[in-house]
Structures are given as C-alpha cells and as structure tokens.
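# Coordinate inspection notes
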Amino acid sequence: MHHWVQASSSDFSGTPPQARSGHTAVNVGKSMVVVFGGLVDKKFLSDIIVYDIENKLWFEPECTGSESEGQVGPTPRAFHVAITIDCHMFIFGGRSGGKRLGDFWVLDTDIWQWSELTSFGDLPTPRDFAAAAAIGSQKIVLCGGWDGKKWLSDVYVMDTMSLEWLELSVSGSLPPPRCGHTATMVEKRLLVFGGRGGGGPIMGDLWALKGLIDEERETPGWTQLKLPGQAPSSRCGHTVTSGGHYLLLFGGHGTGGWLSRYDVYYNDTIILDRVTAQWKRLPIGNEPPPPRAYHTMTCIGARHLLIGGFDGKLTFGDLWWLVPEDDPIAKRSSVPQVVNPPEIKESERELDKLRVWSRQERGQDGFSIVDLQQKMGISVSSGLRLQIPEESEDQEFVELGTRLIEGDVVDERASMIQMAAQALRQHWKQSTPRTLQLKELGSLLRDYQRLVTRIFTTQSSLTSADFGLPGTKTFTFYHIKSSSELRINDISKLLEEYKTLVI
C-alpha cells in the first residue's frame, strides 16, 4: 500500500520550484534532483532549482559558462529532454514560444557550469515533446517528437565522449510516429509507451527497442509488447519512473468526453512489474493529487516526488510525495471514509438512460468510467474500501434488487434481501454491455468480488492462478477498489467473468 502526501514546509528548507509544466527534473546520483525550465502563463523558464537530498534543501545555484541571447545557459524553454550521466545534465531541444529548438547543452553540477556543445554526425532536427534515456554511462538515446510540421519516429544515439550523433537504422516494423511519449531503459531494451501520433490520435501501445548495447551485437529492431494485466489507458504527457523491480506510470492526458477535442487528465498510478511482466494498479490508500500532465516524477529512495504539471486550465505549483505505508510521513495522509451514495434524482435518472455502449460506439474504449460518471452527474465514492460488504450491508445493491421485485409479497427483511439479490443477479446474468446501466457498475463490481471470495473460500484457498497468472480461471477485477477505476472496455470482461460466478 502506498500513500500520497502533499509536501509541506516541514519537509525541507529553501524555496521550492514555482508553478510550471513541461519542465524536467532529473536525479544526479543519489545526492540531488535538478529542475530546469518549463512553462507558466505563456512564459518560458530557464531557471535551475536544485533539491539537496541529504540536507533537505532547495536552492538556486549561481551558474557560469556559455551564454545564449545574453544570459548564461540555454534560452528559456519547455518540453525539452534532460538526461544525467554522472555529474552532467544534458539538455536537448524543446520549445520557446512557437520555435522548436535543436541546440545541445551540458551542465556540470560539480561546478555549476553550462557549456553549449558543438556535436557532429547525424544531427537530430529541432523538436519538442521528444523522449530520451541514458544508455549506460556514456550514451544517450533520443526518439520521436514533433518538429512543428510532423510527428517523428526517428531514433538517434549520442556518444557523450565524442559528441557524435548516429541515426539508428532500425529493421522490421516500426512504432507509429509520436510525441509526448516516454522512453525508459530497462536493462538492454528501451521501452516506449504512449504519446500522440500522426493525425492526432493518442496511443496506449508499448514498444521495446533492442540493439542499443554495443557488446550485444544485436541488429536494432522494435517489438510491440502486449502484456497482461490492467494496462494504462491511451495517454501522453505522462511520466514513467524506475522504482526497483517495477516501472511507475503516473498521470498524463487522453482524449475523452463527448467530443474528440475534449481532453481527460489522469491521476492514476500504474506499475509495470518487471518480474512478472504484467501491468498492475498500485494500491493507493488515499486520494491522489489532482489529475495532470507534463509534470515530473523523480525517485528519492523509497519515495517519489511529483512536481508541477498542467490540467488543461491550471498550472500546478504543488509538490507531492508518493510513499510506502511504513514511511513516517504516510500518517499525514487522510484516508477518506466510504459513504453511501445519495439518492438518485429524477434528472440523474434521465441522464442514466444513456447506456454504457454510447462510448463504445464512438470508439473511445479507453475512456474511464469515473469521467463518464462525472459527466453524467452520478456520484461515486473513490474512497478505500477496507472489506467487501455482505448483501445486507450493501445498501445500493439491496435498493437495485428491491426495485426488481416491487409488488411481490415478502414476509421478512431477510427473505426480501435474498429475493432482491437473486433477482438482481439474474438481471445481470441476462445483461449485455449495451443494456447495463452506469449506476449499476459499483454494485456489480462489489457482488463480483463478494461471489469470488465466497465461492473460493468455501472450496479452496485463492491461488495466483485465479488472478490472471497461468491457470484455468481468471478474476481480473478482484482487487479493484472502486468502479471509478474501470474503463469502458473493461465492462464486457467484467460481465463475462461475473456470469461464471452466478449459478
């Protein structure tokens, strides 16, 4: 279990970064985090703010070195890439105003000196929204981006010793061109996820690139990975941070709502388990920060630090910690209480006549249930459910079932609950994704979990095979805390699995 904790003045001294998005924040060894640039209120930034991890201190170093447009260091910019190798932070590209940049800089964090680098070879074209990663302790790989006219799919490798760029010749199938994606080195492979592609669609695909390690003598090639588990919805502007045996994905934005132009911003936390090669939802014990994209996440020991971001309207200046439950500051987080949903008003009943399939027919299978519920004014609790309630304690479940048996003669409350449960389960057994009403999802999910627990605890212990690992039975949604975590394309699978549980 992890907790989100908003940073406070007691966590550090000094002045933390001002509000911004499109900035970079990188670890320099285990001693510091360096924040550079970004955008706020149409103003591009070029400041350097450093977090001294050991002393828990924010400070602005006085940098020297090369100048650009009358100031030390790179020109103000956002949506650039920043990579650290040893004590050096390398900066490439980005945007300043309407201009895409193609300059290449390095900051020596031992003496806080900027140098503009004159590199040679296959120079990348100016671009923003690219992604990059370090290859070992000498090279940098850069891929994709947007040059102002087209989305890019090229891959460049840069040797930081010789300052030579090499455009990688990749055989076989290629990922679609994209920008706003992430690129993360995992051992010998570069993993690329998501982004916005040619023509504007936002993607949720995962690709692996081999052939980046000289010693391996592999021919460079891309492979699309389709991993099991609860994969993230399509998005761009998200972050992927390495955290031990897993990669941690947070935030970003996708296309949703009733029009394709409507952006949905995310605040979900999903991990890619490197051991089992599965996507999983990270269990969170409290409310996450507000949804956002173009933020940064850096790993500081067992903690992750979230800085800034943008939600389509606001640029954030808040800082958040994501910490394990045994972290001393975890107790500062407040776990919200589960509340019974309010009575559905008549206007909400009318809105609820719009079925779940309306999103599927528009091709937005990745659209999240919580966004659809909010759009339709349906209240849903996002709090942590500590246990699965019995039927008699599940007020919403009982009310839905009671409506199906209205007019029947029932002698006792216990019999009424039993009849209501039977009627509702038969109703769901005959339901399809087209006929299922949105307000039923919470009760359906809880009853699914109730039946899984009841059946398997009476027959035998639950095994890993029952939850998506190799085996004959798979109960994908057993650990979901709330229907708000479901996506539209989960509905048919949930119904399919539920029907196998109902006798």
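The numbering scheme is per chain: residues are counted from 1 as the chain's sequence reads. Predicted model: local features are reported for residues with pLDDT of at least 70 only, side-chain atom pairs are reported and counted for 80 or more only, and whole-chain, interface and lining totals are derived from all residues. The basis for every side-chain value is the complete set of heavy atoms in the structure, and neither hydrogens nor water enter the calculation.

Here we come to the overall build of the protein chain. Secondary structure counts use DSSP, requiring at least four H or I residues in a row for a helix and at least two E residues in a row for a strand, with both numbered from the N terminus. Each helix and strand counted, the protein chain has seven helices and 31 strands in total. Any two residues whose heavy atoms approach within 4.5 Å at even a single point are treated as in contact. Of all intrachain contacts in the protein chain linking residues separated by at least 6 positions in sequence, the fraction that spans at least 24 positions is 60%. Areas reported as accessible are Shrake-Rupley estimates using a 1.4 Å probe. Residue values count occlusion only from the protein chains shown. If you sum the accessible surface of the protein chain, you get close to 23400 Å²; carbon and sulfur atoms cover 50% of it.

What follows concerns the pattern of salt bridges. Within this document, salt bridges are pairs made up of a side-chain nitrogen of Lys or Arg and a carboxyl oxygen of Asp or Glu, the two lying within 4 Å of each other. The final tally for this structure, using the stated rule, is 21 salt bridges. Close ionic contact of R100 with D128 constitutes a salt bridge, the shortest N to O distance being 3.2 Å. Separated by 28 residues along the polypeptide, R100 in strand β11 (residues 99–108) and D128 in the loop between β13 (120–121) and β14 (131–135) bring together distant segments of the chain. Among the ionic pairs, D268 bridges to R235, the shortest N-O distance being 2.8 Å. Here the residue D268 occupies a position in the loop between β26 (262–265) and β27 (269–273), and R235 occupies one in the loop between β22 (221–225) and β23 (239–243), the gap between them amounting to 33 residues. The network of salt bridges with common partners includes E391, D394, E396, R425, R446, D447 and R450.

With that settled, consider helix α4 (residues 395–404). Only protein chains enter the accessibility calculation, which uses a 1.4 Å probe; a residue whose area is less than 20% of its type maximum is buried, one above 50% is exposed, and one in between is partly exposed. Taken together, the buried positions of α4 are occupied by F397, V398, L400 and G401. Buried residues of α4 fall within an arc of 165° about the axis and therefore sit on the same side. This arc is taken over the directions from the axis of the helix to the C-beta atoms.

Along the chain, D318 turns up in the loop between β30 (303–307) and β31 (319–324). Side chain to side chain, D318 and W320 meet in a polar contact 2.8 Å long. Apart from the residues within four sequence positions on either side, D318 is in contact with Q6, P290, R292, L306, I307 and G308. As used in this structure description, the phrase polar contact means that two N or O atoms lie within 3.5 Å; if the pair is within protein, one of them must be able to donate a hydrogen and the other to accept it, and residues adjacent in sequence are counted only when both atoms belong to side chains.

We note that K42 has phi near 65°; this positive angle belongs to a residue other than glycine. For K42, the location among the structural elements is in the loop between β3 (32–40) and β4 (43–52). The backbone phi angle of F129 is positive, close to 55°, even though this residue is not glycine. Given the relative accessible area of 15%, F129 is considered buried.

As judged from the four bridges shared by β27 and strand β28 (residues 278–281), these two strands associate in the antiparallel manner. Considered in β28, the bridge of D273 is made with Q278. A pair of strands is treated as paired once DSSP finds two or more bridges between them. In this structure, the hairpin formed by β27 and β28 is closed by a connection of four residues, where A277 is found at a positive phi of approximately 55°.

This part takes up the packing of aromatic side chains. Ring pairs are drawn from Phe, Tyr and Trp, using the six-membered ring of Trp, whenever the two centres fall within 6.5 Å, and their geometry is named by plane angle: stacked under 30 degrees, edge-to-face over 60, tilted for the rest. Taken as a whole, this structure holds 19 aromatic pairs when the rule is applied. Relative to W428, the ring of F397 has its centre 6.1 Å away and its plane inclined at 50°; by these criteria the two rings are tilted. Of this pair, F397 sits in helix α4 while W428 sits in helix α5 (residues 413–429), placing them 31 residues apart in sequence. For F397, a relative accessible area of 1% corresponds to the buried category. Judged by relative accessible area, W428 falls into the buried class, the value being 0%. Put simply, the rings of F90, F92, F104, Y156 and W165 pair up and form one aromatic cluster. Two limits define a charge over a ring: the Lys NZ or Arg CZ must be within 6 Å of the ring centre, and within 35 degrees of the ring normal. Seen from the ring of Y266, R235 lies directly overhead, with NZ or CZ sitting 4.3 Å from the centre.

To continue, consider the sheet that holds β11. Strand order in the open sheet formed by five strands is β6-β12-β11-β10-β9, and the pairing between neighbours is mixed. Every other strand in the sheet has two partners, leaving β6 (64–65) and β9 (81–85) as the edge strands with one partner each. Examined bridge by bridge, strand β10 (residues 88–96) and β11 share eight bridges and lie antiparallel to one another. Bridge pairing in β11 links M89 to L107.

So, on to the pairing of β31. Working note: regular strand, side chains alternate between the two faces of the sheet. In terms of burial, β31 is largely enclosed, as six of its six residues are buried. Covered by surrounding structure in β31 are L319, W321 and V323 together with W320, L322 and P324, the residues of both alternating faces. As judged from the four bridges shared by β30 and β31, these two strands associate in the antiparallel manner. By the bridge assignment for β31, L306 is matched with W320.

Turning our attention to the state of the cysteines. Each disulfide is one covalent bond, formed between the sulfur atoms of two cysteines. Counting rule for disulfides: a pair of cysteine sulfur atoms within 2.5 Å. Here the structure, examined in full by the defined rule, presents zero disulfides. Of all cysteine sulfurs in the structure, the one in C179 sits closest to C236, which takes part in no disulfide; the separation is 6.7 Å. Note on C236: relative accessible area 1%, which makes it buried.

In terms of nonpolar packing, the biggest core is built from 24 residues, with W428, L436, L444, Y448, F477, L494 and Y498 touching the most fellow members. Those elements that provide at least two residues to this core are α4, α5, α6 (441–459) and α7 (491–499). Ranked by the residues each element gives to this core, the list is headed by α6, at six residues. The residues touching L444, leaving out its near neighbours within four places in the chain, are W428, L436, L494, L495 and Y498. V5, A25, V33 and I307 belong to the second largest nonpolar core, which has 18 residues in total. Take the buried Ala, Val, Leu, Ile, Met, Phe, Trp, Tyr and Cys residues and link them wherever side-chain atoms come within 4.5 Å; each set so joined is a nonpolar core.

Here the focus is the side chain of R20. Position of R20 among the secondary structure elements: in the loop between β1 (2–6) and β2 (24–28). Taking the relative accessible area as the measure of exposure, R20 reaches 0% and is therefore buried. Only 2.8 Å separates the side chain of R20 from the backbone oxygen of G37, close enough to count as a polar contact. The contact partners of R20, leaving out residues within four places of it in the chain, are V35, G37, L39, V40, L45, D47, I49, G308, G309, T315 and F316.

With that out of the way, let us pick up the sheet that holds β31. Strand order across the open sheet formed by four strands is β1-β31-β30-β29, with antiparallel pairing between neighbours. On the outer flanks of this sheet lie β1 and β29 (296–300), each paired with one strand and no other. In this sheet, neighbouring strand axes are inclined to one another by 25° on average, regardless of whether the strands run parallel or antiparallel. Axis definition: a line fitted to C-alpha atoms, limited for helices to the stretch in contact. Angles are taken between N-to-C directions and run from 0 to 180 degrees.

Here the protein chain averages 83 in pLDDT, while 82% of its residues score no lower than 70. Across residues 375–386, confidence stays below pLDDT 50; counting only partners more than four residues off in sequence or on other chains, it has 36 contacts. Segment residues 459–472: pLDDT under 50, and 21 contacts once partners within four positions in sequence are set aside and those in other chains are kept. A score from 0 to 100, pLDDT tells how confident the predictor is in each residue.

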